[in-house]
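# Residue-level structure breakdown
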Amino acid sequence: MENLNSILNGKQTVAIVCNQWGDTGKGKFVDLCAEWADIVARGTGGNNAGHTIILNGKEYIFHLVPSGILRDGEGKINIMGSGMVDDLGVLVGELDELDEQGYGYNGLRISERANVILPYHKELDGKHSSMQKGKIGTTGRGIGQACADKVARFGIMVGDLKDKDNFVRQLKRVQGHHFYLDIDIDKIVEQEMKHYQRIKEFVCDTDALLRSEMKKGKKVLLEGAQGLLLSIDYGTLPYVTSSDPSRIGLAKGVGLLPEDVDLTLGIVKFPFMTRVGNGPFPTEYGGKQSEEYCAEGEGNANKRETEEGKYGRMPSETLINFPDPLTKGIGIRLAAGEYGATTGRPRRTGRTDLVALKHAMSINGPDIILTKADCVAGMDEIELGTGYVDEQGKEVREVSHGSDIAYGLKGLYVRLSGWGDISGCRNYGDLPRSTSNAVEFLEGWTGARVRMVSVGAGREQTIVKQ
Ligand code: IMP
């Protein structure tokens, strides 16, 4: 894409992160930028992430391998960095899937220093998620427990599996730490060593590899996972994931410094946003009622079918203009296909929260990409969150940390005119005045620099704003 080159020109390292609670459509931009890059690297999270890529009309969802993997044939290197937590069984499953689809992965490199997720992490995940300060509603993949073991210095790294005796020794240490669990060392060793044999040719010191390739002038794309508001360091604690998906955490997770990143593009869903799992969401359509309604569907992949069956025959414009906010939120979920890529859960929907965005930008920087603006075609009026009212009736217009975005806050909104079908627009000037007004309102209010507006899943449905 010629237009995209105008943004990437002269840059060596570009990061794509999310400025909300994840699921903002990073995959499309990672794929677009992967064409430009020589190396695509992930640095945070694990298979709690779900990256959707549409290539030649087919949809691919990856959880662990970087999204540049489908470009392996072009000689790209795809790095799974040291900051990740890797479930080797899931990874092997993804490699099998690539084999089946006829894609190679010669350029895959897996950090020997990434921690591994083991069966006892998954076992603990469900138990702890419901016991913690609030019910988090994790993805149940053992992410938090693997990260906790890392911090407690009981983590096991991919490189520890190089030598079976060493792996057994490490597991014995863990057995002492998690003395209340029944850890079957023999079973774990048998299973994980089998997985390791399959991936071992790709395991190396990826931090060193990345630095040496950068010295040669290779272009690098850092692929974020989750979102800033889910950060363990900056997010809406305790309803967060266990890594730092900011540009800082991402750079660290591939062995770089934040200042090594020339450009960070923060993805922002607009004019609505979503959250999956529990936690405060002051601008949610239908508030607490929506949170409870979506929680009911946890682990229930049929929620989509149920909603489609119940509302599917109603025109989208009727639903998204419904006076009742809960129904309006369901209408947006259906129109935008907002069901989890990893768990199939219905995503909670709300208005784009500019207060939360300003906080995210204070860490990730001002350059942003707006996505899914086409999904609200036919909405008469859109709302953007410009503040909160707390339980004492006090107005809040700014937060200094994600944990300030707490339960009990109610959103305050600015109301702007909506728009019709914009999916065919290719230039910023093609957008209706109402859309560009809303984009420019967001820029004025937050200080953001909108670099692109996405008006559909297709690569060509991308508007570059100069
Ligand atoms: P965990 O990462 O599985 O520990 O889950 C912690 C919280 O982060 C839960 O609310 C999850 O729903 C949320 N979460 C984790 N990964 C993602 C993601 O990729 N997109 C959106 N939410 C996520």
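So, here is what we can say about the structure in this document. None of these values were measured; they are calculated from a predicted model.

Rules used in this analysis
- Residues numbered from 1 in each chain as written.
- Predicted model: local features only at pLDDT ≥ 70, side-chain atom pairs only at ≥ 80, totals over all residues.
- Heavy atoms only, no water.
- Helix = DSSP H or I, 4+ residues; strand = E, 2+ residues; numbered from the N terminus.
- Rg over C-alpha atoms; globule rule 2.2 N^0.38 Å.
- Buried < 20%, exposed > 50% of the residue type's maximum accessible area, 1.4 Å probe, protein only.
- Contact = heavy atoms within 4.5 Å.
- Lys, Arg positive; Asp, Glu negative; His and termini not counted.
- Charge placed at Lys NZ, Arg CZ, Asp CG, Glu CD.
- Polar contact = N/O pair within 3.5 Å; in protein donor to acceptor, adjacent residues only side chain to side chain.
- Pairing = 2+ DSSP bridges.
- Axes fitted to C-alpha atoms, helices over the stretch in contact; angles between N-to-C directions.

### With respect to the overall build of the protein chain
Looking only at helices and strands, the protein chain features 15 helices and 19 strands. For 466 residues, the compact-globule estimate of 2.2 N^0.38 gives 23 Å, and the protein chain sits close to it at 22 Å. Principal-axis analysis of the C-alpha atoms gives the protein chain an extent of 65 × 50 × 40 Å. Expressed as a percentage of its 466 residues, the buried residues of the protein chain come to 58%. The long-range fraction of contacts in the protein chain, counting pairs at least 24 apart against all pairs at least 6 apart in sequence, stands at 75%. Averaging the locations of the 57 positively and 64 negatively charged side chains of the protein chain gives two centres separated by 2 Å.

### Describing the side chain of Thr-462
Within the secondary structure, Thr-462 is located in strand E19 (residues 462-464). In this structure Thr-462 comes out as buried when scored by relative accessible area, which is 3%. At 3.1 Å, the side chain of Thr-462 forms a polar contact with the side chain of Lys-28. At 2.8 Å, the side chain of Thr-462 forms a polar contact with the backbone oxygen of Arg-459.

### Notes on the sheet that holds strand E7 (residues 108-111)
Pairing is mixed across the open sheet formed by 10 strands, whose spatial order is E9-E7-E5-E2-E10-E1-E11-E14-E18-E19. Only two strands of the sheet have a single neighbouring strand rather than two, namely strand E9 (203-204) and E19. Pairing geometry for strand E11 (residues 263-269) and strand E14 (residues 367-371), over four bridges, is parallel. Within the sheet, the bridge partner assigned to Ile-267 lies in E14 and is Ile-369. Here helix H15 (residues 433-446) sits on the sheet and contacts E14 and strand E18 (449-454); the angle it forms with E18, its principal contact strand, is near 150°.

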